[in-house]
Amino acid sequence: MDECGSRIRRRVSLPKRNRPSLGCIFGAPTAAELEPGDEGKEEEEMVAENRRRKTAGVLPVEPNDSEVDMFGDYDSFTENSFIAQVDDLEQKYMQLPEHRKHATDFATENLCSESIKNKLSITTIGNLTELQTDKHTENQSGYEGVTIEPGADLLYDVPSSQAIYFENLQNSSNDLGDHSMKERDWKSSSHNTVNEEPPHNCIEQPQQNDESSSKVRTSSDMNRRKSIKDHLKNAMTGNAKAQTPIFSRSKQLKDTLVSEEINVAKKTIESSSNDLGPFYSLPSKVRDLYAQFKGIEKLYEWQHSCLTLNSVQERKNLIYSLPTSGGKTLVAEILMLQELLCCRKDVLMILPYVAIVQEKISGLSSFGIELGFFVEEYAGSKGRFPPTKRREKKSLYIATIEKGHSLVNSLIETGRIDSLGLVVVDELHMIGEGSRGATLEMTLAKILYTSKTTQIIGMSATLNNVEDLQKFLQAEYYTSQFRPVELKEYLKINDTIYEVDSKAENGMTFSRLLNYKYSDTLKKMDPDHLVALVTEVIPNYSCLVFCPSKKNCENVAEMICKFLSKEYLKHKEKEKCEVIKNLKNIGNGNLCPVLKRTIPFGVAYHHSGLTSDERKLLEEAYSTGVLCLFTCTSTLAAGVNLPARRVILRAPYVAKEFLKRNQYKQMIGRAGRAGIDTIGESILILQEKDKQQVLELITKPLENCYSHLVQEFTKGIQTLFLSLIGLKIATNLDDIYHFMNGTFFGVQQKVLLKEKSLWEITVESLRYLTEKGLLQKDTIYKSEEEVQYNFHITKLGRASFKGTIDLAYCDILYRDLKKGLEGLVLESLLHLIYLTTPYDLVSQCNPDWMIYFRQFSQLSPAEQNVAAILGVSESFIGKKASGQAIGKKVDKDVVNRLYLSFVLYTLLKETNIWTVSEKFNMPRGYIQNLLTGTASFSSCVLHFCEELEEFWVYRALLVELTKKLTYCVKAELIPLMEVTGVLEGRAKQLYSAGYKSLMHLANANPEVLVRTIDHLSRRQAKQIVSSAKMLLHEKAEALQEEVEELLRLPSDFPGAVASSTDKA
Ligand SMILES: Nc1ncnc2c1ncn2[C@@H]1O[C@H](COP(=O)(O)OP(=O)(O)OP(=O)(O)O)[C@@H](O)[C@H]1O
Ligand SMILES: [Mg+2]
């Protein structure tokens, strides 16, 4: 796409003063990006949805199956015009507070401590744990009576395990909270775990000694570079009093050393010798940073062997598979750092969910700052398309599956795909999961087809048919069974616990009888003995209870608390009060009544019904041990690093479907995370009737993963073909067929679709797209016998492709927008909101007719006119509300869509999810998903309209609407919320503490933040500051790059060649 063109559009489309940020208002996250497993739907619905998808086959699916974000931010209209940016920069500099003078440049912070190299030592805590367990067992028999919850017949309901805990409590010092905290801290700094590899496996490379000489050698180069940078900055900001960053001398010297080491490493890599740099070809500083930031001192043996594989050294594609918590991420990160620092290429890391992307951004920003590369977020509403071209430093893009796809598309379109040196895919097994899997497959297939130099690395704990994947990715395979913390698997049937034992005849052996004392009431309320099981662990250790549905999570949390002794209330009482206070703050004074009852006991539910703010807060409280029990849905499975001594699966079901082996492995894999826990165990509770199926579950191999490219018709193969042709990757039938041969589907076609050949499928899909008016076919007669079919994209096709519109809806969208032009009501936002309410959410909506009627009656005449234009009359809703028969046929989809628009409209007016949730009697998590889904779809519709002349009028309107929907908060909080990990609640706190802009945050002192902001941990504070520094630096760099671009003589300038030859 023409860059100038897009710039002009951007400038027109957004007033610069209020612009939220460079490239950040495009497309809020889809439900799929946001939530593992349940994709934001009720679990039951999810299953139904899956079924619908399966039955869709290769026919177009019903228009209710959309994830709108696959290409959401593509060709963004980001307002990164130079004038707007310089103006903005000027403004920001003018606003700099006094204390800015004292602040240090982001590069000056000295985070690297030399002492770290020698500091960390290995401690074993196994003995202590044993000791404690013994003590528990010893005390068990001696226990009698504890203080119990009020309510007469509950007096004897406390299981013996609780009693032991409280007896210990009474015996030990009163300061239990501190004690357990110490224990946690201590645990997290110890790295030797029960079955950890002995130290001889580990790599200890000598430190570089000649530090001083290398510092002297390169410091002048460094200064030269810095002065060019300063010069540019000055030129850019003119008289705007730009402050030259203050560089500390020691920092400069350290940077010099690092860049020297990088040069050596670069040469090593270039010479492809086996002689590795100080730390896997990387500067020794990387090793120090891992010790400092992550507490990782030595690599596991497998990590070393994997990194030194010949195939890895030769940059071949690689798939590796290890059990959960095996430490897969570190290997990928080292390879990414090699690529960024030594090979000087950009890197894309694809992770499954927004929350995991954000966690990674926070974790790697400090590495970026220390080592000099950018960490850029491509998730939810963040990300710039095409990405900024960097002058010197390289970028690490961390993306969700959808945003990763958009990014690759935009790199292909702008001819920059070769700048991507490495693509890492975490949780590679997701390639076999629905439309998200299809999107991942398309992304990888496009990279394989268009770039011969981009290396692909995929990892997972749950892969079975690796050969297929290897064939698709042309990759080597590495695997090991290593798990640093042993995970013991148990099953519970009635009151017996069995250990999963692969050597035993039926896969399990008797372990113990549950030792508990249950009253009749408790037996009735808790037939599965959950209270007994959790109280063996909490509150000193953490426990996750996976439940089949959201409602069940809440019920179980409440039930457990009902039977917990009052003593639990005392554990970390103050901290728990803080959590409640903070939850109230972020909910504008509202607090979920269930959480209100459970948090005092250290218990909370965790599912997609929580708002993101609540979720973040609860996770933090759980990580720090303030909360000790989460009842959760599968939303907490893949890749999550939370402490859990014990994971309990309340039933072998997810919603109503029986658990798959992959899901089971991912869930139990949350127990015993290295560096957090030293032991891990899982208990699956089952009923007699499920015994046979469970025995199969624990013994059978993992499920194979299969391509969904063709099954997900409109979101799979059709979208793929449209983009192949739109991006000119392949435009004729032969090339497209050739491309299809290289896909994962191509590898598995014979298994997946026996009755049709790949050629037939390709021809059929192209024909379908042509008939739908999205493609046009040109027949070229090459000779008398030879005919070639070329395809080009139509305007509607391009609009759908640029807008990432699910092809099932593109003609409906066109029709609705066209109809809107006939009489768009602009007196309020309602009509526009209606036009951007996602189609795929409509089918799941069941209006409460009384509420509908009430809301309708409160509308102004102009607003009611919107309903009339859409064909929804007050009398219709009135009749529905009073249960009368309806004579006239009314389009149900329109009525439901309008109802959702009412919800959104109210939300935009009131900006308080809680009151809207109450008004419409909908869960707040659902409302938030509706909002983010609509923000995303609104940006998609905008891109759709940008490609179609007749919709020019919508463009300006939708820019503003997208912004309103994306943030739905007061404008002043937007700059703070751009920083990864800062959500609305935190932004409010920071704002009222005086941190009003990105610069304030980037220059903040984490220690001061911890003191002044409630419930902010040191780790969080550091991450916020690092992320803010990274973002600020990125923005400044982007402006500098634009300045260079502007000052550069165009290559096609008349006489440019002649004059440069003259000069020479
Ligand atoms: N060499 C090491 N020494 C100590 N701790 C390590 C080492 N490597 C990784 N870890 C720690 O182990 C924990 C689990 O690692 P990681 O998240 O990479 O697991 P994983 O293999 O990706 O598991 P999953 O499949 O569940 O995502 C992390 O907290 C990580 O910091
Ligand atoms: Mg992982």
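Scroll up to find the structure.
All of the points below concern the structure found in this document. None of the values given here were measured: they were computed from a predicted structure.

1. A few points about the overall build of the protein chain
Stage number 1. Helix and strand counts for the protein chain stand at 48 helices and 19 strands.
Stage number 2. The 1064 residues of the protein chain split such that 59% are buried.
Stage number 3. Restricting to contacts in the protein chain with at least 6 residues of sequence separation, those with at least 24 account for 76%.
Stage number 4. As presented, the protein chain carries roughly 42800 Å² of accessible surface, and 51% of it is formed by carbon and sulfur atoms.

2. A word on a nonpolar patch on the surface
Stage number 1. A contiguous nonpolar surface patch, about 300 Å² in accessible area, is contributed by Y781, V787 and Y789.
Stage number 2. Tracing the backbone through its elements, the reader meets Y789 in strand 19 (residues 787-793).

3. Brief notes about the pattern of salt bridges
Stage number 1. Applying the stated criterion across every chain yields a total of 34 salt bridges.
Stage number 2. Between K988 and E984 there is a salt bridge, and its shortest N-O distance comes to 3.6 Å. Placement of the pair is K988 and E984 together in helix 44 (residues 984-992), with a separation of 4 residues, close to one helical turn.
Stage number 3. Looking at E984, the relative accessible area reads 22%, which means it is partly exposed.
Stage number 4. Here the salt bridges share partners, and the residues they tie into one network are R512, E536, R646 and E681.

4. A few points about the sheet that holds strand 13 (residues 629-632)
Stage number 1. If you walk across this open sheet you meet the 8 strands as 10-9-8-17-14-11-13-12, and the pairing is mixed. Looking at the sheet topology across the chains shown, the edges are occupied by strand 10 (508-513) and strand 12 (603-606). Each neighbouring strand pair of the sheet contributes to a mean axis angle of 25°, computed without reference to strand direction.
Stage number 2. Looking at chain direction, strand 11 (residues 543-546) and strand 14 (residues 646-649) are connected through 4 bridges and run parallel. Paired with F546 across the bridge in strand 14 is L649.
Stage number 3. Sitting on the sheet, helix 27 (residues 691-699) is in contact with strand 8 (487-493), strand 9 (496-500), strand 10 and strand 17 (680-686), with an inclination near 170° to strand 8.

5. Focus on the packing of helix 17 (residues 434-450) against helix 29 (residues 733-741)
Stage number 1. Taken N-terminus to C-terminus, the directions of helix 17 and helix 29 make an angle of 115°; their axes are 10 Å apart at the nearest point. In this structure, helix 17 meets helix 29 at a crossing whose hand is right-handed. Across the interface between the two elements, A445, K446 and Y449 from helix 17 touch D735, H738 and F739 from helix 29.

The rules behind the values
- Residues numbered from 1 in each chain as written.
- Chains lettered and ligands numbered in written order.
- Predicted model: local features only at pLDDT ≥ 70, side-chain atom pairs only at ≥ 80, totals over all residues.
- Heavy atoms only, no water.
- Helix = DSSP H or I, 4+ residues; strand = E, 2+ residues; numbered from the N terminus.
- Buried < 20%, exposed > 50% of the residue type's maximum accessible area, 1.4 Å probe, protein only.
- Contact = heavy atoms within 4.5 Å.
- Areas by Shrake-Rupley, 256 points an atom, 1.4 Å probe, with all protein chains shown as cover.
- Patch = residues over 30% accessible without salt bridge, like charges linked within 9 Å, V, L, I, M, F, W, Y side chains within 5 Å.
- Salt bridge = Lys/Arg side-chain N within 4 Å of Asp/Glu carboxyl O.
- Pairing = 2+ DSSP bridges.
- Axes fitted to C-alpha atoms, helices over the stretch in contact; angles between N-to-C directions.
- Left-handed = near helix turned anticlockwise from the far one by under 90°.

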